[in-house]
Structure formats: structure tokens, C-alpha cells
Amino acid sequence: MTATIQQMWEWLGQVPDPEIPVISLVDLGVIRSVDQVGGEWVVTISPTYTGCPATRVIEMDIQTALSARGVAVKIRRQIAPPWTTDWMTDSGKAKLEAYGIAPPQPSGGPQRCPHCASTDVEKISQFGSTPCKAQWRCRDCLEPFDYFKCI
Amino acid sequence: MPDLFEWLCRMGDNTLVLGHRVSEWCGHAPVLEEDIALANTALDLIGQTQMWLGLAAEVQGEGRSADDLAFRRDAWDFRNCLLVELPNRDFGHTLMRQFLFDSWHKLMLTGLCESQDDRIAAIAMKSLKEVSYHQERSADTVIGLGDGTAESHDRMQAALDRLWPYMGELFQPDAVDDRMTRQGIAPDLAALRSGFDAIIADTIQEATLVLTDSRFAHRGGRDGSRHTEHLGHMLAVMQVLPRSYPDARW
Ligand SMILES: [Zn+2]
């Protein structure tokens, strides 16, 4: 049985991000393309941060998920143009917020607290538990929260 | 050594050596947020190293990898500037070194985005996003600590006085740099100086610190001729595992 491109995207859309499992790799916007080259499937991915240890796990998870469907793939890394949070899907951003992570905003800071929706928020640190996140705090509910940095 | 390989080692060794130095703080920073920030900065720099040294190994064409270059060269083969190999000393000193390097790095990468070599432009564009974050944070910290308590102010001034003579090396092109510039591969280092001085002057003033007029410059890191004694010690720690168990995989 041979897979179609549509099926391939659907399957990739079911592979969770290893660090934020509520969104998929497609939501995260790291899957650049899926092509069939000379009878071989090639999945091209854009790494998020250069040193992010999740990049290798992402590659392994793609191989594992697709080989479970009987499809062998080759993975290609592409750094240009560099990955940007603009490539994150709207559904991915909504899932992040529901999970308690404020989604990236072009203004460079969270729009509101993901817990109580207050706009009275302040930055604690530009860096967080993973390269893609910063630490913020809500001045209303006083809860700290992660903000997915806009790059 | 062919120019392009030599030049790529200069870029990759800067990020490798500074990345390792910053990683030495892991678990030791004054507060948790700073520990996380330092570890993330180190991680970005090591990630950038994989790209620069990966390309260096590719253009060298001897079947070596980025890891081979990182772990199987000795101090005299390293091409990083002296600034990044200096020991961490205190937290303020580490952040002052970071601020000075980040400010140069950001300008350099901005110039490299226009490189005639597409591979280099791609690495620069990817790295620049990360380095912009680094520079914003290190500048904020220099201001916070400089314009802080009497103790933090004095430590930041001492760090600036100690580190400033190591900046000149990054703006003095040699024959390799000149050939890279003529081929449109890299910007003219000397031409980056005025933009750098402007950024530094603003931040240093806001930090209530004083910059010396001296342009005396220590040099000898970027061509490997005169590294400080600190580099060898650092490499001994950084390289011990792969050197003790060559070709180990995990
Ligand atoms: Zn809240």
C-alpha cells in the first residue's frame, strides 16, 4: 500500500511535539515539506532553536510514527529561511493557551494571562524551561506562566 | 589552512568556547532564573557551533565532523578570540563578557546575512534570532548591575576595565579576513567598530559605568598564535570524555 501526500500530512499531524505534547509537529510549524523523491519519502523539517535537544527527538518520533504506518522516510533539515513562530498554526496557538502557555505575539510579549485572561502581566525572565519559552507572571491571579517567545 | 576553513573555525570556535564557558555556570548561578538563562544561552551557542564547525568540516573535505573539530584539536588549532576563553570569575564579569561579545556578534551576524556564500548567510540568519535575545538580556543585566548597589557597580566597572582590552582583536582584520571581505563572504571587521562603539557607549552610560579611552588590544586568539593559558585548561575539561573513550557512541 502506498501512502498519499495527504495521508502523510495527516499522520504527521498526529505526532506530538516532544516538549509540549498538546500541539503536533504540524501545529508547531516545523514540517516544511513532504515529497516523494524517486520512490522515497522525504520529510523536510526546520529546527526551532539551533541547540534545541528536541530536534533529534522530533526526527526520531517522525521515523517511528511513519514506520508504524509502513512508510520509511528520509529526514532533511533545512535552516533557511529560519523557523519562525509565524509558521505555528492558529489551532496550535489556541491549544497552547488552553494548556497554560501564552502563545507568541508579534508585540514580543503575551497578550494576556493564560489562566485568568488578565492583561496585567510582567516579564520575569526572557529565558524559560526550554529554549522556545520565556517566564512571565500575572499581577492579578499572581500565577507565573510560560510565554512562547515570538521569533 | 585554506581561508574559508580557517574563517569558519574562527566563527565556530568563538561560539564553542564561549558556550562551554557559560555552561560552567549550570547549577551555580545566583538565582534560578539566571541559571536557566545561562544554560539556554550556552545551548544556543553550542547549537550554532554545530552549524559553523559542521560547515568547516564539510569544506575541509577530510571526512571529519563538527565533533571531531571540537574534541580532537589542541589549543594551538583553536581560532576563537581571547575574550571568550577568559575564565568566568564572578557573575557580573561573566555577563559583561557576554554583553561585549553579544554586541559584536549581533553586528557580525547582521553583516553575514548578506554573505555571497548562501550556506553562511543561512547560518547567520538562523543564529541572529537567538543572538538578538542574548544581547537584549546581557545589556539589561549590565545596566541592572552597573546601576545597582555600590558593590555590584564596582564589580561591573572592574569587569569592564579588565575585559575592554580584549575587544580590539575582534575589529582588527588580518589577511584571511581581508580575503573573505573581498570575496563578499564576510563584512569588513574594522567597519563594524563605529556601530559597536555606539551601542556600547549607550549601554555603559545607562549602567553608570565609565569606559576607558585606551584602544590597547590583546591579540593572538583568532590566528591561534598566542592563546591565554586558560584555553588549554578549559579544553582539558571539555575534551576529556571523547578523548578518553574515542569513538564512543551513546
Ligand atoms: Zn492571571
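Residues numbered from 1 in each chain as written. Chains lettered and ligands numbered in written order. Predicted model: local features only at pLDDT ≥ 70, side-chain atom pairs only at ≥ 80, totals over all residues. Heavy atoms only, no water.

Attention now moves to the coordination of the zinc ion. Residue and element names in this part refer to chain A. Protein-derived coordination of the zinc ion comes from Cys 113 (SG), Cys 116 (SG), Cys 138 (SG) and Cys 141 (SG), at a distance range of 2.3 to 2.4 Å. One can describe the site at the zinc ion as tetrahedral: its four donor atoms subtend angles covering 104 to 116° at the metal. The exposure class assigned to Cys 116 is partly exposed, which follows from its relative accessible area of 36%. Classification of Cys 141 by relative accessible area gives partly exposed; the value is 29%. (Donors = N, O, S within 2.8 Å, 3.2 Å for Na, K, Ca; no water. Tetrahedral: all angles 85-135°; square planar, octahedral: opposite > 155°, others 65-115°. Buried < 20%, exposed > 50% of the residue type's maximum accessible area, 1.4 Å probe, protein only.)

Bringing the interface of chain A and chain B into the picture now. Across the boundary between the two partners, chain A contributes 24 residues, which contact 21 residues of chain B. The junction of chain A with chain B conceals about 1900 Å² of combined surface from both sides, 63% of it contributed by carbon and sulfur atoms. Inspection of the region where chain A meets chain B yields zero salt bridges. Inspection of the region where chain A meets chain B yields eight residue pairs in polar contact (both at pLDDT 80 or more). Partitioning the side of chain A that touches chain B into residue classes produces 12 nonpolar, 10 polar and two charged. (Contact = heavy atoms within 4.5 Å. Buried area = accessible area lost by both parts, 1.4 Å probe. Salt bridge = Lys/Arg side-chain N within 4 Å of Asp/Glu carboxyl O. Polar contact = N/O pair within 3.5 Å; in protein donor to acceptor, adjacent residues only side chain to side chain. Nonpolar A, V, L, I, M, F, W, Y, C, P; charged D, E, K, R; others polar.)

Time to look at empty space enclosed by the protein. For the structure shown, the criterion picks out four cavities of 30 Å³ or more. One number sums up the size of the largest cavity: a volume of about 100 Å³. Surrounding the largest cavity, Asp 17, Glu 19, Ile 20, Leu 28, Thr 48, Tyr 49, Cys 52, Ala 54, Ile 58, Pro 131, Cys 132 and Phe 148 of chain A form its lining. Looking at the lining of the largest cavity residue by residue, the class counts come to nine nonpolar, one polar and two charged. Each of domain 1 (5-86) and domain 2 (100-148) of chain A contributes no fewer than three residues to the lining of the largest cavity. By volume, the second largest cavity is sized at about 40 Å³. Lining the second largest cavity, in full, are Trp 164, Met 167, Gly 168, Arg 193, Ser 214, Arg 215, Phe 216 and Ala 217 of chain B. Classifying every residue of the lining of the second largest cavity gives four nonpolar, two polar and two charged. (1 Å grid on protein atoms, 1.4 Å probe; cavity = no way out; pocket = protein on both sides within 12 Å on 5 of 7 lines; lining within 4 Å. Points joined across faces, edges and corners; volume = space filled by probe spheres on them. Domains from an automatic or database assignment.)

All names here are of chain A. Across the six residues of strand β2 (residues 40-45), five count as buried, placing the element largely inside the fold. Bridge analysis of strand β1 (residues 31-37) against β2 gives six bridges, and the strand direction is antiparallel. Following the sheet pairing, Val 34 is matched in β2 by Val 43. Where β2 meets strand β3 (residues 73-77), five bridges bridge the pair, whose relative direction is parallel. Considered in β3, the bridge of Ile 45 is made with Arg 77. As a crossover connection, the stretch from β2 through helix α3 (residues 54-67) into β3 is right-handed. (Helix = DSSP H or I, 4+ residues; strand = E, 2+ residues; numbered from the N terminus. Pairing = 2+ DSSP bridges. Right-handed = clockwise from strand over helix to strand, strands pointing away.)

Side chains of Val 240, Leu 241, Tyr 245 and Trp 250 of chain B sit close together on the surface and give an oily, nonpolar patch of about 540 Å² of accessible area. Secondary-structure assignment places Leu 241 of chain B in helix α10 (residues 229-244). (Patch = residues over 30% accessible without salt bridge, like charges linked within 9 Å, V, L, I, M, F, W, Y side chains within 5 Å. Areas by Shrake-Rupley, 256 points an atom, 1.4 Å probe, with all protein chains shown as cover.)

Looking now at the domain arrangement of chain A. All names here are of chain A. Assigned domains within chain A: domain 1 (5-86) and domain 2 (100-148). Each of domain 1 and domain 2 has a C-alpha centre, and these two points are 27 Å apart. Every contact between the two is made by seven residues of domain 1 and, on the other side, seven residues of domain 2. Around 580 Å² of area is buried between domain 1 and domain 2 when both sides are counted, 85% of it from carbon and sulfur atoms.

Turning our attention to the side chain of Gln 48 of chain B. Position of Gln 48 of chain B among the secondary structure elements: in helix α2 (residues 32-60). Each residue touching Gln 48 of chain B, except ones within four places of it in the same chain, is listed here: Thr 50 of chain A together with Thr 15, His 105, Ser 127, Glu 130, Val 131 and His 134 of chain B.

This next bit is on the layout of surface pockets. Of the pockets and cavities examined, the largest pocket occupies roughly 1600 Å³. Among the elements of the structure, α3 of chain A together with α1 (3-23), α2, α3 (66-71) and α10 of chain B are those that each provide at least two residues to the lining of the largest pocket. If you tally residues by element for the lining of the largest pocket, the top one is α2 of chain B, at 10 residues. When the residues that make up the lining of the largest pocket are grouped by side-chain class, the tally is 22 nonpolar, 10 polar and seven charged.

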